Amino acid sequence: MYVSYRWLSRHVDLTGIAPEQLAEDLTLSTAEVEGLEPFAAHLSDVTVGLVTERKQHEGADKLSVCTVDVGAGEPLQIVCGAPNVDSGQKVAVATVGTVLPGDFKIKKSKIRGVESRGMICSVRELDLGDEHDGIWVLPEGCEVGSPVREALGLDDWVIEIDNKSLTHRPDLWGHRGLAGEIAAIYERELKPFDCSLPNVGGGTSYPLRVDSPDCPRYIGLTIEGAQPLASPDWLRFLLLAVGQRPIDQLVDVSNFVMLDLGQPNHTFDLERLSPEGITVRNARAGEKMTTLDGGEHELIPADLLICSADEPVALAGVMGGEGSKVAEGTQSLLLEVANFAPAVVRRTAMRLGLRTDASARFEKSLDPNLAMSAAGHFARTLVGLQPDVRFPAPPSDVGDWHDPAHTITLSCDRVRSVLGTDLADGEIAKILTRLRFDVEGEGGALRVGIPAARATKDIGIEQDLIEEVGRIHRYANLPERLLRADVKPPPHVPRRVIVRKIQDRLAGAARFHEVLSYSFVDDELLAKVGQAEAPHVQLVNPVIESQSRIRRDVLPSLLARLENNRRHREDVRLFEIGKGYRPENGNERGEPDQVHSLALAWAAPRPGKKARFDENAFSRLYGVVDDLFGYLGVARPCWGADLDAPAWAHPARRLGAFWGTDEAPGAVLAELEPGLARALGLEGELASDVAVCEISIDRLLALEPRGSGYVPIPRYPGVKVDVALLVGADAQAAQLVDAIEKAGKGAVSGVELFDLYRGENLGAGKKSLAYHVLLQSPNKTLSDKDVAKFLGRLERAVTDLGGELRKG
């Protein structure tokens, strides 16, 4: 937001306060100042000149040859094409070498054979407006030879304030409010300011009706005799300093009031409004209107409209409509000053891409009392410019609004405790009084009256008042003190511990990257993963309309990131730890059941035809998950294919992890369903071998952890034995590993699958699994006899499972 130093001085005496000092003090006490620069600095290089002679150019009917006195040296001969140039005029002269806005450098030249040594400037050429019908004729009192900036008293500075630091302060979106802050900082008084309505007639007020709770207050004031004249220089230059282009008095006064008080307003052409009056209502679905910028917009019921009878003439708080624009020659106006629900204005402005100065202010929760003050300020300013303007009737004032002012009790001891400084009760009260709070009370307890301008969004609790005292006293003035507190170990939270261990293992040894995503998911993604019809927690006010639902599971959020990551690298390993929400299992308070899960995804180019049986994403991710379970110290689950797999899982290549008597799997590991992979964009050059897994952290926490600790280095050597087991095609590898471990009677210290074979020579419905088995005893060196006993026990165990131990 841009603020004018000269404009601020209309409200508070800035004598002795340099712009640089003001910017620094505002940053330290109120809001961050991002920039400070002189207004129209280029006018210091433009000189006041006097046209002493004007004669017709002999070679061009529309050109004049002027002799111009610039106060130093000989008068300059300048060729000028403006129709209004004449002798005796004071003009703005850019001499040779001057650089004008747009990096336009003035050079000596010949125009139609006549030498020209400079340029007589128009308003537009000096970037002070859009007028370009002729040169800028300066006031008679300007001193010839002086810089234009000095002659016109344009010694102003533009202060740029970070909007984000003002979001909670609706009262600071106008110069009057900022002047109040400056008065508090420097202990000065605000200058008197009359914003009461001037005399109004006794006619019938214009009819208004509010049919929506989104408009707490709406004021309409009829104006007669107003004309769109050119604004005086004082008004034009103030608006230009803060980035507003002057247009005419009616538009400029409207902008002036908004930038002065922070209250937007709008003028309608009264002759184009219905005699039935103005109605404020919500839009109907599919209703359309054209705004002042020429854009046509389709509306929804959440939008708020200003209607003439029933015809929309403005988007409330955002922009006026084309149909009510003030026509040329109109002298009858209706001034609108209103208060609108901030969330409604923000949603409409964002959805339609119409962020305006008005919407930026309405979004901040304006004081409803401010509306009548703005109406009075507009009326008095306009009368000051056009004394013949009349107000034939009192203003209409409708709406169900209340004064937000309230009172907060403040403990002075609490202020001293929080700020860590020994401020006296009287000093605390004095600071709050400087900030225009009403302060009463004694004995360390103050009753602080919060004015309406600070009560809508900013000051609501005692801590807010403590912050006010701290920032005006200045945090730099607080004494430095050592922090003293009892150091206690953090509480042991098993859930936090297991999450940290998962993160360490996956991001470390497994080389996975962690993803942190939002909980809301896109409707299109839900349709792809087969969850579009499932119950979801709904967002009341979604950031994006298509993302109005909260995820049930973590994995869909991870899947949405596969395509983009695959475009940047071949091997993609992602994991996310988060929560899903199941509304169908909610508690008695209506809160959804929270499901804490770990989701993993591994995507890589598809393996070649000659690749090993385990050179695929599914097998590799299985290894990662198995290693993770071991690292976490939980019992190895029984993996099985008998489960109701989710829609994202491959119909055949999928496994569920079961512990004990679980009916539902605690983890699901699968290849990604091929159709879903294509829908996610993993096709063509991005075609991938993708394995995914979702693990319930809640289930892991419920498991009894295995003992962990120091494992000594074996004292005796181990014996490596390779075994091949011929079993049915539906036999589970976990059962075979369990049989191997039981056959070893505690001597099996390692089992590794190194071959999986299926072939016609094995017989129908058969497969062969080959394992490396490491046998190792803590008590002795194992002999061939011990190995033979192991193989005998294993052969009997495999036979019991319906298989056989293959022999060379």
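Residues numbered from 1 in each chain as written. Predicted model: local features only at pLDDT ≥ 70, side-chain atom pairs only at ≥ 80, totals over all residues. Heavy atoms only, no water.

Some points on the layout of surface pockets
To find leftover empty space, a probe the size of one water molecule is rolled over the atoms. In this structure, the largest pocket occupies an estimated 1,600 Å³ of space. Together, 38 residues line the largest pocket, and Tyr-622, Ala-733, Ala-734, Leu-753 and Tyr-771 are the ones closest to its centre. Those elements giving two or more residues to the lining of the largest pocket turn out to be helix 18 (617-632), strand 34 (638-640), strand 35 (649-658), helix 21 (733-743), strand 39 (748-757) and strand 40 (766-775). Among the secondary structure elements, those contributing two or more residues to the lining of the second largest pocket are helix 6 (249-261), strand 16 (266-269), strand 21 (311-315), strand 22 (319-320), strand 23 (332-339) and helix 8 (357-362). Broken down by element, the lining of the second largest pocket gets its largest block of residues, 5 residues, from helix 6. Considered class by class, the residues forming the lining of the second largest pocket number 19 nonpolar, 13 polar and 7 charged. (1 Å grid on protein atoms, 1.4 Å probe; cavity = no way out; pocket = protein on both sides within 12 Å on 5 of 7 lines; lining within 4 Å. Points joined across faces, edges and corners; volume = space filled by probe spheres on them. Helix = DSSP H or I, 4+ residues; strand = E, 2+ residues; numbered from the N terminus. Nonpolar A, V, L, I, M, F, W, Y, C, P; charged D, E, K, R; others polar.)

Side note on the environment of Phe-378
Position of Phe-378 among the secondary structure elements: in helix 9 (residues 370-385). On the basis of relative accessibility, which here comes to 0%, the residue Phe-378 falls in the buried class. Sequence separation of Phe-378 and Lys-610 is 232 residues, and the distance between their C-alpha atoms is 83 Å. Residue contacts for Phe-378: discarding those within four places in its chain leaves Ile-223, Leu-250, Val-253, Ser-254, Val-257, Asn-265, Thr-267 and Leu-335. (Buried < 20%, exposed > 50% of the residue type's maximum accessible area, 1.4 Å probe, protein only. Contact = heavy atoms within 4.5 Å.)

Some remarks on empty space enclosed by the protein
What the rule picks out here adds up to 1 cavity of 30 Å³ or more. Surrounding the largest cavity, Met-1, Tyr-2, Val-3, Trp-173, Gly-174, His-175, Leu-178, Leu-259 and Arg-361 form its lining. Those elements that place two or more of their residues in the lining of the largest cavity are strand 1 (2-4) and helix 4 (175-186). In terms of residue class, the lining of the largest cavity is built from 6 nonpolar, 2 polar and 1 charged.

Structural notes on the nonpolar core
Among the nonpolar cores identified, the biggest contains 46 residues, and Leu-8, Ile-428 and Leu-465 are the most heavily contacted of them. Leu-465 has contacts with Ile-408, Leu-410, Leu-432, Phe-437, Val-448, Ile-450 and Ile-459, leaving out every residue within four places of it along the chain. Formed by 34 residues, the second largest nonpolar core is a distinct cluster that contains Tyr-218, Leu-305, Ala-314 and Phe-340. (Core = buried A, V, L, I, M, F, W, Y, C linked by side-chain atoms within 4.5 Å.)

Let's talk about the sheet that holds strand 39
As summarised here, the arrangement of the 4 strands in space is 39-40-38-41, forming an open sheet in which the pairing is antiparallel. The open sheet is flanked by strand 39 and strand 41 (804-806), the only strands paired with a single partner. On average, each strand axis in the sheet is tilted by 35 degrees relative to the strand beside it, whichever way the strands run. Pairing between strand 38 (residues 719-728) and strand 41: 3 bridges, direction antiparallel. (Pairing = 2+ DSSP bridges. Axes fitted to C-alpha atoms, helices over the stretch in contact; angles between N-to-C directions.)

A word on the sheet that holds strand 20 (residues 304-308)
Strand order in the open sheet formed by 5 strands is 14-17-20-21-22, with mixed pairing between adjacent strands. With partners counted over all chains shown, the strands left at the sheet margins are strand 14 (208-210) and strand 22, one partner each.

Considering the pattern of salt bridges
Under the defined criterion, the tally for this structure stands at 45 salt bridges. Here Glu-468 makes a salt bridge to Arg-471, at a shortest N to O gap of 2.7 Å. Placement of the pair is Glu-468 and Arg-471 together in helix 13 (residues 462-473), with a separation of 3 residues, close to one helical turn. For Arg-471, a relative accessible area of 7% corresponds to the buried category. For the salt bridge of Glu-591 with Arg-589, the shortest nitrogen-to-oxygen distance reads 2.9 Å. Each of Arg-169, Asp-171, Glu-181, Arg-454, Asp-458, Glu-468 and Arg-471 takes part in salt bridges that share partners, so that together they form one network. (Salt bridge = Lys/Arg side-chain N within 4 Å of Asp/Glu carboxyl O.)

Considering the side chain of Ser-777
Looking at where Ser-777 falls in the secondary structure, it is placed in the loop between strand 40 and helix 22 (784-800). Of note is the side chain of Ser-777, whose polar atom sits 3.1 Å from the backbone nitrogen of Asn-779. (Polar contact = N/O pair within 3.5 Å; in protein donor to acceptor, adjacent residues only side chain to side chain.)

Topic: the packing of aromatic side chains
If you walk through the whole model with that rule in mind, you get 9 aromatic pairs. Ring plane angle 25 degrees and centroid distance 6.4 Å describe the contact between Phe-629 and Trp-639, whose orientation is recorded as stacked. Here Trp-639 lies in strand 34 and Phe-629 lies in helix 18, a separation of 10 residues in the sequence. As far as burial versus exposure is concerned, Phe-629 and Trp-639 are alike and both buried. (Phe/Tyr/Trp six-rings, centres within 6.5 Å; stacked < 30°, edge-to-face > 60°.)

Side note on the state of the cysteines
With the rule as written, the count across this model stands at 0 disulfides. Cys-80 takes part in no disulfide bond, and the closest cysteine sulfur to it belongs to Cys-66, at a distance of 5.3 Å. Cys-80 gets classed as buried once you look at its relative accessible area, which sits at 6%. (Disulfide = S-S within 2.5 Å.)

Examining the pairing of strand 40
Judged by how many residues are buried, strand 40 sits mostly within the fold: 7 of 10 residues are covered. By the bridge criterion, 10 bridges tie strand 38 to strand 40 in an arrangement that is antiparallel. Bridging from a neighbouring strand, Ala-724 pairs with Ala-770 of strand 40. With 8 bridges connecting them, strand 39 and strand 40 associate as antiparallel partners.

Points about helix 13
With 12 residues, helix 13 should cover 16 Å at 1.5 Å per step; its first-to-last C-alpha distance of 17 Å lies within 8% of that length. The element helix 13 is extensively covered by neighbouring structure, given that 10 of its 12 residues are classed as buried. Among all positions of helix 13, only Glu-462, Asp-464, Leu-465, Ile-466, Glu-468, Val-469, Gly-470, Arg-471, Ile-472 and His-473 are buried. Trailing helix 13 by a residue or two, Arg-474 shows a phi angle of about 85 degrees, which is positive. (Expected span 1.5 Å × (residues − 1).)

Notes on helix 11 (residues 425-434)
Within helix 11, burial applies to Ile-428, Ala-429, Ile-431, Leu-432 and Arg-434. Considering only its buried residues, helix 11 is in contact with helix 4, strand 25 (406-411), helix 10 (412-419), strand 26 (438-440), strand 27 (445-450) and helix 13. Looking at the residues trailing helix 11, positive phi occurs at Arg-436, about 70 degrees.

Some remarks on the packing of helix 10 against helix 13
Contact geometry for helix 10 and helix 13: axes closest at 10 Å, N-to-C directions at 65 degrees. With respect to the hand of their crossing, helix 10 and helix 13 are arranged in right-handed fashion. From helix 10, Arg-414, Val-415, Val-418 and Leu-419 reach across to helix 13, where they touch Glu-462, Gln-463, Ile-466, Val-469 and Gly-470. Split by residue class, the contact of helix 10 with helix 13 holds 5 nonpolar, 2 polar and 2 charged. (Left-handed = near helix turned anticlockwise from the far one by under 90°.)

What about a positive patch on the surface?
There is a patch of like positive charges on the surface, built from Lys-745, Lys-785, Lys-789 and Arg-796. Judged by relative accessible area, Arg-796 falls into the exposed class, the value being 53%. (Patch = residues over 30% accessible without salt bridge, like charges linked within 9 Å, V, L, I, M, F, W, Y side chains within 5 Å. Areas by Shrake-Rupley, 256 points an atom, 1.4 Å probe, with all protein chains shown as cover. Lys, Arg positive; Asp, Glu negative; His and termini not counted. Charge placed at Lys NZ, Arg CZ, Asp CG, Glu CD.)

Looking at unusual backbone geometry
Working note: non-glycine residues mostly have negative phi, and peptide bonds are mostly trans. Of note in this structure, Ala-309 is not a glycine but carries a positive phi near 60 degrees. Checked against the element boundaries, Ala-309 lands in the loop between strand 20 and strand 21. Residue Ala-309 is classed as partly exposed on the basis of its relative accessible area, which comes to 21%.

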